[in-house]
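The primary structure of each chain is shown beneath.
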Amino acid sequence: MSSAEFIRNYGTMTDQALSEAVTITRNGKDRLVVLSAVEYQKLLARSRRVVLPSELSELDVEAIEATDV
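Residues numbered from 1 in each chain as written. Predicted model: local features only at pLDDT ≥ 70, side-chain atom pairs only at ≥ 80, totals over all residues. Heavy atoms only, no water.

Novice: I'd like a description of the overall build of the chain, backed by residues and values.
Specialist: Scanning the chain from terminus to terminus reveals four helices and two strands. Starting at the N terminus and walking to the C terminus, you meet the elements of the chain as α-α-β-β-α-α. Taking 2.2 N^0.38 as the reference for a compact globule, 69 residues should give roughly 11 Å; the C-alpha atoms of the chain span a radius of gyration of 20 Å, well beyond that estimate. Along the longest, intermediate and shortest principal axes, the C-alpha atoms of the chain span 55 × 25 × 20 Å. For the chain, the proportion of its 69 residues judged to be buried stands at 10%. A sequence separation of at least 24 residues applies to 5% of the contacts in the chain between residues at least 6 apart. In the chain, which carries 8 positive and 11 negative side-chain charges, the distance between the mean positions of the two groups comes to 15 Å. (Helix = DSSP H or I, 4+ residues; strand = E, 2+ residues; numbered from the N terminus. Rg over C-alpha atoms; globule rule 2.2 N^0.38 Å. Buried < 20%, exposed > 50% of the residue type's maximum accessible area, 1.4 Å probe, protein only. Contact = heavy atoms within 4.5 Å. Lys, Arg positive; Asp, Glu negative; His and termini not counted. Charge placed at Lys NZ, Arg CZ, Asp CG, Glu CD.)

This is how it looks when you write it as structure tokens:
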């Protein structure tokens, strides 16, 4: 939906975002996604952080080496 349409229907759209993500477009291109705080927290919990090997401590390296795959 366009940003203008989202603003006109803010209450309805935020209610809809509680059950499904709402994509807001600008000039026909996806720009933003509105989703519930619960879904956002789920996404954050699944996110991963990339660590370079040079950033690992000796303890980290030892733990990795001791892991069975």
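That covers the picture; the talk isn't over yet.
Novice: Explain the pairing of strand β1 (residues 22-26) residue by residue, including any values.
Specialist: Pairing between β1 and strand β2 (residues 29-34): five bridges, direction antiparallel. Across the sheet, residue threonine 25 finds its bridge partner in β2, namely aspartate 30. Between β1 and β2, which pair antiparallel and follow one another directly, the connecting turn spans two residues, one of which, asparagine 27, has a positive phi of 55°. (Pairing = 2+ DSSP bridges.)

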